[in-house]
Amino acid sequence: MKIKLIKGDITKIKADAIVNAANSSLLGGGGVDGAIHREGGKQILDECIEIRNRQGKCKTGEAVVTFGGNLPAKYVIHTVGPVWNDNEEKGSKLLANCYKNSLKLAESLNIKTIAFPNISTGVYRFPKELAGKIAVDEVKNFKSDIIEKVIFVCFDDENEKIYKKLLEE
Ligand code: AR6
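Bear in mind that the values here come from a model prediction, so they are computed numbers and not experimental data.

This paragraph deals with the overall build of the protein chain. In terms of helices and strands, the protein chain carries five helices and six strands. Counting helices and strands in the order they occur from the N terminus, the protein chain gives β-β-α-α-β-β-α-β-α-β-α. For 169 residues, the compact-globule formula gives about 15 Å, and the C-alpha radius of gyration of the protein chain, at 14 Å, lands near that figure. Dimensions of the protein chain, computed from the C-alpha atoms along their principal axes, are close to 40 × 35 × 30 Å. Within the protein chain, buried positions represent 47% of all 169 residues. Across the protein chain, contacts joining residues at least 24 apart in sequence account for 71% of those joining residues at least 6 apart. Total accessible area on the protein chain is roughly 8600 Å²; 49% of this is exposed by carbon and sulfur atoms. Of the charged side chains in the protein chain, 26 are positive and 23 negative, and the gap between their average positions amounts to 2 Å.

With that settled, consider the nonpolar core. Residues I77, Y99, L103, I114, F116, F152 and Y163 are the most contacted members of the largest nonpolar core, which totals 30 residues. At six residues, helix α3 (residues 88-108) tops the list of elements feeding residues into this core. In this view, I77 contacts A17, I18, V19, N20, A63, V64, V65, S102, L105, A106, I111 and I114; residues no more than four positions away in its chain are not counted. If you look at the next biggest cluster of nonpolar residues, it comprises 18 residues, including A15, V64, V80 and V153.

Before going further, it helps to examine the sheet that holds strand β1 (residues 2-7). Spatial strand order, β1-β6-β5-β2-β4-β3: six strands in an open sheet with mixed pairing. Edge positions in the open sheet fall to β1 and β3 (63-67), since each of these has one partner strand only. The mean inter-strand angle of the sheet, taken between neighbouring strand axes irrespective of direction, is 25°. Pairing of β1 with strand β6 (residues 149-154), which is carried by six bridges, proceeds in the parallel orientation.

Put simply, helix α1 (residues 31-40) and helix α2 (residues 42-55) touch, their axes get as near as 6 Å, and they point 115° apart. What the angle tells us is that α1 and α2 run roughly perpendicular. Along its contact with α1, which presents I36, H37 and G40, the element α2 presents K42, I44, L45 and C48. In terms of residue class, the contact of α1 with α2 is made up of four nonpolar, two polar and one charged.

Not every one of the 22 residues close to the ligand is listed here, only the nearest: N23, G30, D33, T121 and G122. Measuring from a nitrogen atom of the ligand, one finds a backbone N or O atom of I10 at 3.0 Å. In this structure, S120 approaches the ligand through a main-chain N or O atom, which is 2.8 Å from an oxygen atom. Considering the ligand on its own, with 700 Å² of exposed area, one finds that the protein chains cover 90% of that surface.

About the criteria used
Residues numbered from 1 in each chain as written. Predicted model: local features only at pLDDT ≥ 70, side-chain atom pairs only at ≥ 80, totals over all residues. Heavy atoms only, no water. Helix = DSSP H or I, 4+ residues; strand = E, 2+ residues; numbered from the N terminus. Rg over C-alpha atoms; globule rule 2.2 N^0.38 Å. Buried < 20%, exposed > 50% of the residue type's maximum accessible area, 1.4 Å probe, protein only. Contact = heavy atoms within 4.5 Å. Areas by Shrake-Rupley, 256 points an atom, 1.4 Å probe, with all protein chains shown as cover. Lys, Arg positive; Asp, Glu negative; His and termini not counted. Charge placed at Lys NZ, Arg CZ, Asp CG, Glu CD. Core = buried A, V, L, I, M, F, W, Y, C linked by side-chain atoms within 4.5 Å. Pairing = 2+ DSSP bridges. Axes fitted to C-alpha atoms, helices over the stretch in contact; angles between N-to-C directions. Parallel < 35°, antiparallel > 145°, perpendicular 65-115°, else oblique. Nonpolar A, V, L, I, M, F, W, Y, C, P; charged D, E, K, R; others polar. Near = heavy atom within 4 Å. Polar contact = N/O pair within 3.5 Å; in protein donor to acceptor, adjacent residues only side chain to side chain.

All we've got here are geometric facts, nothing functional implied.
In structure tokens, the structure reads:
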């Protein structure tokens, strides 16, 4: 798998799938979640409501998929990151699960390109360095014959700097 770093808005990325840093309600929110629902339109929310009716809330670390609606991406994989609460071990495992489960779901859909935001590093206050390290480790350790390219989309300068450094190593 090739790994790429982009600074910008994930809603503009033309990948087979973009990942959303959602919350367990799946009903939208602020940050990247708000942007994805705003740009993608009502189809995404309607599908999220269907998923909720079928399986209930989405647990932390798990992932579900909808179509991308009006987005350039075909699919949106919604995953729920952990809220940082100083329990580094538990939080790290849950954040790693977000990346792992999103990649597994992507493989099951035969997805070749997938873009990730910096899950949990906004409202959920996960330390950015640690979150970046977990993200890069999980992607590097995920061996796939299906996924060809993973794009890390950093929205803020701090994350961009962190990812640049991590990917140079
Ligand atoms: N494109 C790419 N990255 C973005 C964008 C964008 N358009 N907008 C923000 N980011 P956050 P969380 C970055 O808060 O911490 C929501 O309300 C942002 O700079 O979106 O996982 C949900 O509904 C940060 O680095 O998600 C949940 O309730 C990263 O995306 C809660 O926030 C994640 O920030 C989830 O919190």
